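# Understanding the architecture of this molecule
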Amino acid sequence: MHGLLRSAWDEPRPPHPPRRVWRDWVLVGLLAPAIVLEGVLRTDLQWRPLSVIFALAMLPTLLWRRRRPLLTLAIPIVTTSLIQLLTGADPAEMAAMAYMLILLYSLSRWGSGREAGTGLALITVAVLGSAFAGKLGASDVVGAFTVVFAAIALGGAFRYRARARMRELDQVKLLEREQLARDLHDTVAHHVSAMAIRAQAGIATAGVSPDAAVDALRVIEAEASRTLAEMRAMVRVLRRDGAAELAPNPHLAELEQLAGQARVGPSVEVKIDGDLDGVPPPVGAAIYRIAQESVTNARRHARHATRIEVRVAADDASVHLRVSDDGDSTATRPAATPGYGLLGMIERADLLGGTCEAGPNPGRGWTVTAVLPRTGATA
């Protein structure tokens, strides 16, 4: 219990409370004539001029109730108590003073734990003081505390709901950032690797065949243009400037673009089996990105490899991917300082309820396998 009270006392204010909004001015504008009208029509008001002036004077506290929740509640409570103590009058006798409940709600919704505790203490002292002075009976005290705690509980409930919503949004943002990080890594790594291989080919053939070097430069230019285009798409997502084009979203049909005979490095063969028409876009994009990263890794690290095979097969339940090379499996691969490529592939598969594994073949080469559910169900 002590720990719970201490945690409530140390509770900070919610971040970024809104400033005065048009609804606050509308509320004040509607309450002002209502107070005047009540002062004119009610015949049972004992302190009519004082009550009307007090209710109107306290109205501006509604405009600062989010930024200064304790102060805006303390001002009418302390002022009421001083007037009662000095004159015996009750300036808060009007029904329109029920807007004080909004200040109680704001204290619980926007105040810190210390502010809420201090405000509750002020209200308790004011109510008990009025009871000891004979102005409130036992039933009035119970009713007053019931209303007070109801307003505080309502504010606490909305505060908890806003905090849960904020945590949910933070989680969504984190997942989006991870997705963008994976896409950025896969895109840049693939295209930059292709540019590096072409540059090596151009350097090797520049002295013998200038035309081959020019061809390599053209390929590098094309790869650079594609990289810039995909990075601009991701930047638009981060800046939220354009339409809802969430990210580059390749599909299984684009796997054919990975195939071809490179001037330097192993060739890539792509084979697709099964009916892939009904595969959801998230599953297709994940298969493409895993295959792309696997081909990039094979071109980088598969020593003496001559061929990379990409096989995609689909059945009624799953989509299977297998990427293998015929490189030297006994050569040292960069396992001591791994990057984010393999981790990104595993995360992609895991997010869709699938699996992804990578390792050396029994004879030669290296193989990456991934199995994703056809429905794209989350893990």
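Under an unreviewed UniProt entry, the name given to the chain is histidine kinase, and the source organism is Nonomuraea insulae. Looking at the Catalytic activity (unreviewed entry) heading of the UniProt record, one finds this comment for the chain: "ATP + protein L-histidine = ADP + protein N-phospho-L-histidine."

## Comments concerning the environment of Thr-124
By secondary structure assignment, the location of Thr-124 is in helix H6 (residues 113-132). Given a relative accessible area of 24%, Thr-124 falls into the partly exposed group. Placed 20 residues apart in sequence, Thr-124 and Ala-144 show a C-alpha to C-alpha distance of 9.6 Å.

## Observations concerning the layout of surface pockets
Here the largest pocket is characterised by a volume of approximately 910 Å³. Along its surface, the largest pocket is lined by 29 residues, and Thr-80, Ala-92, Met-100, Val-127 and Ala-144 are the ones closest to its centre. Where the lining of the largest pocket is concerned, the elements lending two or more residues are helix H4 (69-87), helix H5 (100-110), H6 and helix H7 (138-205). The greatest single-element share of the lining of the largest pocket, amounting to 7 residues, is contributed by H4. Residues that form the lining of the largest pocket fall into these classes: 20 nonpolar, 6 polar and 3 charged.

## Description of the pairing of strand S5 (residues 366-373)
Each regular strand carries side chains that alternate between the two faces of the sheet. In this sheet, S5 lies alongside strand S3 (residues 318-325) in antiparallel orientation, the contact comprising 7 bridges. Pairing of His-320 across the sheet is with Val-371, part of S5. As judged from the 6 bridges shared by strand S4 (residues 355-360) and S5, these two strands associate in the antiparallel manner. For Ala-358, the partnering residue across the bridge sits in S5 and is Val-368. Linking S4 to S5, which pair antiparallel, is a turn of 5 residues; within it Gly-365 sits at a positive phi near 90 degrees.

## Notes on a negative patch on the surface
Together, Asp-275, Asp-277, Asp-315 and Asp-316 line one region of the surface with negative charge. Checked against the element boundaries, Asp-275 lands in the loop between strand S1 (267-273) and helix H9 (281-301).

## Description of the pattern of salt bridges
All chains considered together, the criterion is met by 12 salt bridges. A salt bridge links Arg-311 to Glu-269; the shortest N-O distance between them is 4.0 Å. Residue Arg-311 is found in strand S2 (residues 307-314), and its partner Glu-269 is found in strand S1; the two are separated by 42 residues along the sequence. Between Arg-307 and Asp-326 there is a salt bridge, with the nearest N and O atoms lying 3.9 Å from each other. Highlighted residues: Arg-307 in strand S2 and Asp-326 in the loop between S3 and helix H10 (341-351), separated in sequence by 19 residues.

## Some details on the confidence of the model for the chain
When pLDDT is low, close inspection of the predicted coordinates is not appropriate. Per-residue confidence for the chain averages 81 on the pLDDT scale, and 85% of its residues sit at or above 70. Long-range and interchain partners of residues 241-247, a stretch whose pLDDT sits below 50, account for 10 contacts in this model, where long-range means more than four residues apart. Segment residues 334-338: pLDDT under 50, and 1 contact once partners within four positions in sequence are set aside and those in other chains are kept.

## Considerations on the pairing of S3
Counting buried positions along S3 yields 6 of 8 residues, so the element is predominantly enclosed. In terms of strand pairing, S2 meets S3 through 7 bridges, oriented antiparallel. By the bridge assignment for S3, Glu-309 is matched with Ser-324. What sits between S2 and S3 in their antiparallel hairpin is a turn of 3 residues.

Criteria and cut-off values
- Residues numbered from 1 in each chain as written.
- Predicted model: local features only at pLDDT ≥ 70, side-chain atom pairs only at ≥ 80, totals over all residues.
- Heavy atoms only, no water.
- UniProt positions renumbered as here; feature names shortened; annotations may be inferred.
- Helix = DSSP H or I, 4+ residues; strand = E, 2+ residues; numbered from the N terminus.
- Buried < 20%, exposed > 50% of the residue type's maximum accessible area, 1.4 Å probe, protein only.
- 1 Å grid on protein atoms, 1.4 Å probe; cavity = no way out; pocket = protein on both sides within 12 Å on 5 of 7 lines; lining within 4 Å.
- Points joined across faces, edges and corners; volume = space filled by probe spheres on them.
- Nonpolar A, V, L, I, M, F, W, Y, C, P; charged D, E, K, R; others polar.
- Pairing = 2+ DSSP bridges.
- Patch = residues over 30% accessible without salt bridge, like charges linked within 9 Å, V, L, I, M, F, W, Y side chains within 5 Å.
- Areas by Shrake-Rupley, 256 points an atom, 1.4 Å probe, with all protein chains shown as cover.
- Salt bridge = Lys/Arg side-chain N within 4 Å of Asp/Glu carboxyl O.
- Lys, Arg positive; Asp, Glu negative; His and termini not counted.
- Charge placed at Lys NZ, Arg CZ, Asp CG, Glu CD.
- pLDDT = per-residue confidence, 0-100.
- Contact = heavy atoms within 4.5 Å.

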